[in-house]
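Breakdown of the fold
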Amino acid sequence: MPDLPSTSTTAGGSTGGPIPAPPIPDLELDRDPSRPLPRSFVAKIVPGESCPTAPPGWDLSPPPTVSSTRLTELLARYCAYQLPSDVPHPGSMPSLSAPPGAIERIAADYAVVLPQATVVRGTGEARQALFRERMGVSFVHGATNVADADRPYVAIVDTADPDTAWPGSTKAQQHGLIMGGIVSEIRCPEDAPGCDSGRVFYEQAFPSIEHDPTALEARGTVWSLNLAVLEAIEHWRDLHDDAPLVLNMSVGWPWDENQSRALEERQESLLSGRMRGQWLTPSEEALLLTLSWASCQRVLAIAAAGNTRGGACAEEGPMAPAAWEDLTPPSFDQCQALLDPADHDALGTRDEFEANRLVYSAGGIDANEQPIVNARPLSQPKRVLYASMVSVPTGDAARPYSMPLTGTSVASAALSGIAAQYWGMHPELRPAQVIEAITNGSSTIDSGSAAQSSSAQVPVIRADQMLSGLYTRSSNTYEPPSIAFQPATPDPDPNPNPTQLSLSQIARVTRGSRECTSYAFAGAGSTTDEPWPELAPQPQTPICPTCDLSHSATGGATLDVAVDPEFEIITTTAVLELHLPSGSVTQVSLDLEDPCSNPQEGLNLRSCPDVKLSRYAHPSDGTKTLSDYVVESDVGAATLSFYVTEDRSTQLYGNEIDVFDLDEQSSPD
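Reference entry: report on the structure contained in this document. Since this is a predicted model, take the numbers as computed values, not measurements.

On a regular strand, each side chain points to the face opposite its neighbour's, so the side chains alternate between the two faces of the sheet. Counting buried residues along strand E13 (residues 360–365), 6 of its 6 residues qualify, which places the element largely inside the surrounding structure. Every second residue of E13 is oriented toward a common face, with Tyr360, Ala362 and Gly364 on one face and Ser361, Gly363 and Ile365 on the other, all of them buried. Pairing between strand E11 (residues 300–304) and E13: 3 bridges, direction parallel. Bridge assignment links alanine 303 to a residue of E13, and that residue is serine 361. Where E13 and strand E14 (residues 384–386) come together, 3 bridges link them in parallel fashion. Note that in E14 the partner of glycine 363 across the bridge is valine 384.

Pasting the structure below:
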């Protein structure tokens, strides 16, 4: 295992030894002034210097030592400092004591890594069946699976640590466990117990979970992600096994494609340790070096293309590290420099060498092969997979299926599983050849709002198309248990005084090729200008995993609100996004103060009575209600979001919800 840093706390100064250098007065911390002061920062020092002593009250995490002399030398220039979890937020940033010119740059290391049909959905078993059908992972009877000893390893760098098992010590850890479950769903026939034992392992990229076990939300930094990736690679190397490694990173943070263009011109100087400037933060530089080292060892790294946090209309643009697929992969000479001589044989000769990209991205589609509801516009995935409302078996009798997730996390894990299975069947291939074979053997679709061009086509990856001798695409024959709905109660006559629209609050925006129209009612919340911490799983833990929208021509439209009780939310506003058959999205802010309050409890979003959408006005017809709009628009998908405040920032945060057309379903589950 690598000699990864154990954090050492210093009290600042000592009674003996040399007198520390004075603080550097003119080297300021590079941070966003609109955000709170960071709890961690990374200093990049010049070659030959040592990490400055930690300021009083702060911890120094020394640079990691790994099984590459050159990478260890490069990473030795990055010094990470953080406040202990039990220390309050800093009132001011400390200074570092170092000789003049010893520190090249100091940058905040914010928690920016944030852990995304006509079938009946609503239970874990049904969602699992739909996933297997859409991914084409029904095993052919009598087919020979990849032998256990030949099965590639898959490292899940996410919210779960190596010792986590269902149900996890915290709910936030379940995201990582679900990613591992998706890989095993693809590689294990009929959920064969133990078939992936030892071949899927976990590394914790979100130390916030360990520091605050009560936190639902995973918050990590790029530095913590870098350390987890290093841990995963060193664990694999310590196995001394010829089986290759697939590295799954179902995480991301916003990325500016202009950064990619600037980095492309300076990538060689970064790999040689000569890059200066502010094109990347020190943490991002370190992660890029680590992924370059992994690429040279033929590690196949896969990352989520990215979601929007509040639904279809919240955010846009690419996310890292998935966006790094566009960067030039390390050359033969660069790999020779990064690898120790003992590892050079794995490169082959210069003529045999085939470059391996740092990472390969995965986007998500739904059962109708449309972008998932929270697909991040302009995220530009190079390939897409089914990733809508997916649940996997947990092996836990108390909760046999996982919470449903919609997001590119799911797509990333599914691609990792298919790539690992294909590689196991064709062990002679190299990573780039595996991805090329998977991509070239796939059908293509219009990538919709996720694309930069409205005509862009992307491959749809399915297991049965890649490995037809092993998998088949069986029809979804799952029949849900007979659970009768209560008879639909018609909406009352339109409320003579529905919550009124404020016409000045109607907004139309375009996200990629997605048209979004937003209608805000009186009392609706608003987001602040301060950015949210960005590095997280894609998607996060659902805020309302059992919420649903049901509608019928006779009964109108009803919203069932039941926020997870572990979320501490104080808000009266929900934002409902309605996905129309045209591909456009109508976003409506709903004031829940009245329907979800009662004299005994006040506002209660955990057990809110069914909210009749006839309470709210029609977006464009003053004689009708929102309930009429839902029915006449034939809404087939929806997200429900809430305003959540954290670290002085307020943003929309939500998830996909089930939509039931009661006119089409006689006994949905």
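There is more to say, and it comes next.
Here we take up the packing of aromatic side chains. A full pass over the atoms with the stated rule returns 7 aromatic pairs. With centroids separated by 5.7 Å and ring planes inclined at 75°, the aromatic side chains of tryptophan 255 and tryptophan 324 adopt a geometry described as edge-to-face. Placement of tryptophan 255 in the loop between strand E10 (251–254) and helix H6 (257–271) and of tryptophan 324 in the loop between strand E12 (319–320) and helix H8 (332–338) is noted, with a sequence separation of 69 residues between them. Exposure class is identical for tryptophan 255 and tryptophan 324. Each is buried. Here phenylalanine 332 and phenylalanine 353 contribute two aromatic rings whose centre-to-centre distance is 5.6 Å and whose plane-to-plane angle is 75°, an arrangement assigned as edge-to-face. Highlighted residues: phenylalanine 332 in helix H8 and phenylalanine 353 in the loop between H8 and E13, separated in sequence by 21 residues. Using a relative accessible area of 9% as the deciding quantity, one classes phenylalanine 332 as buried.

With that settled, consider the nonpolar core. One finds Val157, Val229, Leu247, Met249 and Trp324 to be the most contacted residues of the largest nonpolar core, which totals 59 residues. Looking at this core, the element that brings in the most residues is helix H5 (residues 222–238), giving 10 residues. Setting aside residues no more than four positions away along its own chain, valine 157 makes contact with Glu203, Ala205, Leu225, Ala228, Val229, Ala232, Leu247, Asn248, Met249, Ser250 and Val251. Among the nonpolar cores identified, the runner-up in size contains 52 residues, and Ile178, Val410, Ala420 and Met466 belong to it.

Before going further, it helps to spend a moment on helix H2 (residues 124–135). Structurally, the α-helix is built with 3.6 residues per turn, so residues lying three or four positions apart point the same way. Across its 12 residues, H2 extends 16 Å between first and last C-alpha, which sits within 8% of the 16 Å expected from 1.5 Å per residue. Most of H2 is tucked away, with 11 of its 12 residues classed as buried. All of the buried residues in H2 are Gly124, Ala126, Arg127, Gln128, Ala129, Leu130, Phe131, Arg132, Glu133, Arg134 and Met135. Phi for glycine 136, located one or two positions after H2, is positive at around 65°.

Looking at the secondary structure, you find serine 391 in the loop between E14 and helix H9 (408–425). Given a relative accessible area of 0%, serine 391 falls into the buried group. One polar contact links the side chain of serine 391 to the main-chain carbonyl oxygen of serine 402, over a distance of 2.9 Å. Apart from the residues within four sequence positions on either side, serine 391 is in contact with Gly124, Arg127, Gln128, Tyr401, Ser402, Met403 and Pro404.

For the rest of this paragraph, the subject is the packing of helix H3 (residues 174–187) against H9. Look at H3 against H9: their axes get within 8 Å of each other, and the N-to-C directions meet at 40°. Handedness of the crossing formed by H3 with H9: right-handed. Facing His175, Met179, Ile182, Val183, Ile186 and Arg187 of H3, the residues of H9 in contact are Ser409, Val410, Ala413, Ala414, Ser416, Gly417, Ile418, Ala420 and Gln421. For the contact of H3 with H9, the class distribution of residues is 9 nonpolar, 5 polar and 1 charged.

In this section: H3. In this model H3 runs 20 Å from its N-terminal to its C-terminal C-alpha over 14 residues, within 8% of the 20 Å that 1.5 Å per residue would give. Of all 14 residues in H3, 14 are buried; the element is thus mostly enclosed.

Scoring rules and cut-offs
- Chains are numbered independently. Their residues run from 1 in the order of the written sequence.
- The predicted origin of the model limits local features to residues at a pLDDT of at least 70 and limits the giving and counting of side-chain atom pairs to 80 or more, whereas totals for whole chains, interfaces and linings rest on all residues.
- For the side-chain quantities, the full set of heavy atoms in the structure was used; hydrogens and water were omitted.
- Using a 1.4 Å probe on the protein chains alone, a residue whose accessible area is under 20% of its type maximum counts as buried, one over 50% counts as exposed, and one in between counts as partly exposed.
- Each helix corresponds to a stretch of at least 4 residues labelled H or I by DSSP, and each strand to a stretch of at least 2 residues labelled E; elements are numbered beginning at the N terminus.
- Strand pairing is assigned whenever DSSP identifies at least 2 bridges connecting the two strands.
- Working definition: a ring pair exists when centres of Phe, Tyr or Trp rings (six-membered ring for Trp) sit within 6.5 Å. Plane angles under 30 degrees give stacked, over 60 give edge-to-face, the rest tilted.
- Definition of nonpolar core: a set of buried residues of the types Ala, Val, Leu, Ile, Met, Phe, Trp, Tyr and Cys, connected through side-chain atoms within 4.5 Å.
- Throughout, a residue-residue contact means that at least one pair of heavy atoms, one from each residue, lies within 4.5 Å.
- By definition here, a helix of n residues has an expected span of 1.5 Å times n minus one.
- In the analysis that follows, any N or O atom pair within 3.5 Å is treated as a polar contact, provided that within protein one partner can donate a hydrogen and the other can accept it, and provided that, for residues neighboring in sequence, both atoms belong to side chains.
- Convention adopted: a line fitted to C-alpha atoms gives each axis, helices being fitted over their contacting stretch, and angles between N-to-C directions are expressed from 0 to 180 degrees.
- Crossings are assigned a handedness: left-handed for a near helix turned anticlockwise from the far helix by less than a right angle, right-handed for a clockwise turn.
- In the scheme used here, Gly and all other residues not listed as nonpolar or charged are polar, with Ala, Val, Leu, Ile, Met, Phe, Trp, Tyr, Cys and Pro taken as nonpolar and Asp, Glu, Lys and Arg as charged.

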